[in-house]
Every structure is written in structure tokens, then in C-alpha cells.
Amino acid sequence: MGITGGDTRCSSGRRSYIVASEWTRFLYGCRRSIRRTGRGLAAMQVLLSLQLLLAVTNAPAMVKAITDAGDIAALVQVKLAINTASILPSSCVGSWSFSVDPCDELGSPQFTCGIECSPAIGGVSRVIGLSLEPAGYHGTLSPYVGNLSALQTIIISGNNFEGSIPATLGQLTDLLQLDLSSNSFTGFLPESLGLLSNLGYLSVANNLLEGNIPLSFNNLIEVTRMSLDRNQLSGPIPILSGMRSLTYIDASCNNLTGHLPWGYPPRLNYLALGQNQLAGHLPELLGDLTSLAVLDLRSNQLWGSIEDFIFDLPSLQQLNLSHNNFSQLSFTNRTGANSQLVSIDLSSNMLQGPLPDFLGFMKMLNVLSLQSNMFTGPIPYNYALKAANALPASNQLRQLYLDSNFLTGEVPSPFLSISNNITASFVNNCLENCPQLLSFCQGGGQRSPNECQAIHQTP
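For the protein chain, the name recorded in an unreviewed UniProt entry is Leucine-rich repeat-containing N-terminal plant-type domain-containing protein, with Sphagnum jensenii as its organism.

Below you can see the structure in the form of C-alpha cells.
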């Protein structure tokens, strides 16, 4: 059952229509009488005057309101829930005057914008869109919004709405787009949102929401893009494999815990779960995401090995696993041979051993960040060739961050003669010679001999 509001249809409308009908019958009878009796022109002139009087005096009463009465009542409540001090006269809501019919007057000074209406069917038009511009509206989103039962779009992003997200939104089964982002909503995500079987876009990003991601979200089979980022959501990430249309999910910058999910939508293209408190290994099921282009798991508590299947994902272009607790890179001679990776960030982990050669042979790679790990040994020569744009059929490496490791040996010679502008850093290592003339070696020195010896003595 939806929240019901008062019927705003004018009680005098029906009486005016009856009076108009009686006048019409009267004039029709006069016209027949004049024609039958053959009375003169003067009588016809009187009749025409009466017809004109009827048109003028009854014109307002004959205008039919075309907006569904329940929709009007709901819009009234939506406006009442907004703090009047935050409604600027020049804003959409500031123009809403319910002395006129909203859909009939849409675009006029009395109802400039903020809604979209359907074509009239049977003389009645429905409100199918609620789009409020970022005008600093402050207040709550009225639960009566759930009575706008034909809504297909709700966009109120970039305002100051607060309070809870109404559970009545789950009644809007025709809804295609729901954007509540960049407000100040608090409380939990309603389970009822999982009833929106036609929803294609969902964003509640950048609010103050808390609690778990509802299990019911797995029923949102038509959602292609879901943004839950920059809230205070907690608990484990539920299995979302039922969201068969999902291509984009961003739940970064929350307080999510537990392991990475063991089920993913097959068409996923963008997965961002960074800046949470997720732990455990990288699940092998990630290797099945053949459409994945962006994987961002930065700033969690993930550990173990970064397996080679990550680098062999056929569509992956951006990989960020920085600020975790990974300790090992697993790879073979063929790892990354057909990679589409453009950017790799594995910085601020606990990765050990030599720098992997295969990263320097990735043809599309432009950005490589391996800083703040425990890598040892020399800088691979092919890193220098790629930075110097000297590898055939390979993009130039334009950003290379190797600082704060335990790298040894000489700086490979191609780095010494690079004429193309690149950004790199080799400081805070154990390199034998890092000329200060090179920008790569500026901004800090190398580690002390004691530090460099200590890492080699560590079991």
C-alpha cells in the first residue's frame, strides 16, 4: 500500500461542467426554435451573443486538468518536505505553483522544470520524471515520492537532502534511473530497492549511509551501473552474480569487511572496491571476468600472492592493488604477453624478490608504480628500453616509480640518454650510482649501507 494523499482535484469542476452542458442544451433548443419559426436576423444575433457569453464565462471551468490527481498530491508533499529557505525563486521547485496543472503548464513560469510528464492517455498525463538541479535544496525526500507510481527517473544529486532514503521507493516498479548521489542521506539502504526490477542505474554515492549492502540487490537484474562509493557502508559484500546486466560497480571509500566476493556478474567491466577493510587472497574467479577493464582494490588488507591470471585478463587496462599486504608476484615467461594493461600500481605492499621482467614487455603499458615494496636486485634493462621508447611495437613507459625499495646495481644506460620527457623516481634504494643530474635520482638519496645489508640478511 502506498502513502495516500488528499485529492487535489477542484470540487467545483464537475458543477461547472454540468452548468455548461445545460447552457449548451438551452442554446441548441433556441437555434432549432429560430429555424423552425423563421424568426429574423435579430434573433440570430441574440443567439450568437449568448454563445459568446457562454464561451467567455465558462472558459476557465472548461480547461481540464491533465495531470493525475495522485501525482499532483505527491508533488505537493515532495515540495513541502524541502526547507522553504533553501528554495530559490529561480530554481525549479521555486517555480512550482499548484494553482495550475503541472503537466499542462510544464515549461511555463508557473512550473518551469523539475518534472517530466508522459503523453496524455485518456486525457490524463502521468509524472514520469523527477529531476531536481543541484540548487542547494535542503530537507528530506518525502516518502510520498513512492506514490508517483509511473516514475521512470529520479535525479536529485548534488543537493543537501538528509534523513533516510524512503523505503517507498521500492514501489516504483517502472523506475529506470535512481540518482541520489552527493547529498547527506543517512541510515541504511532500504531492502525494498531490490524490488526495482526495471532499474538500470543506481547511485547513492557520496552520502552518509551506513549498514550492509542489502542482499536484495542481487535481484536487480537490469542494473548496469551501481555507485555506492564514499559512504560508511560496512559488513561483507554480498554475492552479486544475480545482477546479470551489471558492468560497473564502485563501492570504494566505505568500511566494508570480509573477503572479496566469490561471485561476480559475468559482464563486469569496472570493479572498484578500494579504501575499505577487505582481507584475504585474490579469488581465482576474478580470472573469469573477461570484460573487466578496471580493477581497483587499493588500500585494503589483502595479502598473499598476486597471481599471473590478473595480468592475463584480456580486457584489463587499469590495475591498482596498492596499499595492501601482498608479498609475492607469481608469473611465467608468457605472463602478460597479450596484455592490454596501460597502468599498473602495486606500490606500498610487501612484494619481494627481483623486479619482474614481463612488466617491461607489456606493449600498452604507460604507467608502472612499484614503489615502497621490498624488491631487490637490478633494474631490468627492458624497463630502460621501454622508457626510452626503444622497444619495437611498444608504447613508451612515461611514468616509472621504483623508489623506496632495495634495488642494487647501476642505473641502466638507456635511462642516461632519455630525451623524451618521462616522470620517474629511483631514490631511497641501494643503487651504486644514481647521478643527481637525472631527475629520477633527485628528491632524495639512496639507503644507508646498513639498511641495504639488513634486507639481504633477512631470512
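So much for the structure itself; the text now carries on.
Undergrad: If you had to explain the sheet that holds strand β21 (residues 352–354) to someone new, which residues and values would you point to?
TA: Overall, parallel pairing links the 3 strands, which are arranged β21-β23-β25 in an open sheet. Looking at the sheet topology across the chains shown, the edges are occupied by β21 and β25 (406–407). Of the pairings in the sheet, the one linking β21 to strand β23 (residues 374–377) comprises 3 bridges and is parallel in character. Its bridge partner lying in β23, glutamine 352 is registered against methionine 374.

Undergrad: Could you give me a rundown of the layout of surface pockets, with the residues and numbers involved?
TA: If you add up the space inside the second largest pocket, you get close to 200 Å³. Elements with a minimum of two residues in the lining of the second largest pocket: β14 (270–272), β16 (294–296), β18 (318–320) and β20 (343–345). Each residue belonging to the lining of the second largest pocket can be placed in one class, and the counts come to 5 nonpolar, 6 polar and 4 charged.

Undergrad: Lay out the state of the cysteines in plain terms, naming residues and giving numbers.
TA: Among covalent bonds in proteins, the disulfide is the one between the sulfur atoms of two cysteines. Counting across every chain of the model gives 4 disulfides. Each disulfide pairs two cysteine sulfurs, and for cysteine 92 the partner residue is cysteine 113, the sulfurs being separated by 1.9 Å. Torsion about the S-S bond of the cysteine 92 and cysteine 113 cystine: about -105 degrees, corresponding to left-handed handedness. On the criterion of sequence distance, the pair formed by cysteine 92 in the loop between α3 (69–80) and β1 (115–117) and cysteine 113 in the loop between α3 and β1 is long-range, its members being 21 residues apart. Classification of cysteine 92 as buried rests on a relative accessible area of 7%. Classification of cysteine 113 as partly exposed rests on a relative accessible area of 24%. Note that cysteine 430 is cross-linked by a disulfide to cysteine 452, the S-S spacing being 2.0 Å. Every disulfide takes its handedness from the sign of the S-S torsion; for cysteine 430 and cysteine 452 that torsion is -100 degrees, giving left-handed.

About the cut-offs
- Along each chain, residues carry numbers from 1 onward, in the same order as the chain's sequence is written.
- Local features in this predicted model are restricted to residues of pLDDT 70 or higher, and side-chain atom pairs are both shown and tallied only at a pLDDT of 80 or more, whereas totals for entire chains, interfaces and linings draw on every residue.
- Only hydrogens and water are set aside when side-chain values are computed; all heavy atoms of the structure are taken into account.
- Strands are treated as partners if at least two bridges between them are detected by DSSP.
- The helix count covers DSSP runs of H or I at least four residues long, the strand count covers runs of E at least two residues long, and both are numbered beginning at the N terminus.
- A pocket, in this scheme, is an open set of points on a 1 Å grid over the protein atoms alone with protein on both sides within 12 Å along at least 5 of 7 lines, while a cavity is a set where a 1.4 Å probe fits but cannot get out; residues line either one if an atom lies within 4 Å of a point.
- Grid points are joined across faces, edges and corners, and a volume is the space filled by probe spheres set on the points.
- In this count, Pro and Cys sit with the nonpolar residues alongside Ala, Val, Leu, Ile, Met, Phe, Trp and Tyr, while Asp, Glu, Lys and Arg are called charged and the others, Gly among them, polar.
- Two cysteine sulfurs form what is called a disulfide whenever their separation falls within 2.5 Å.
- Three exposure classes are used, based on accessible area relative to the maximum for each residue type with a 1.4 Å probe and protein chains only: buried under 20%, partly exposed in between, and exposed over 50%.

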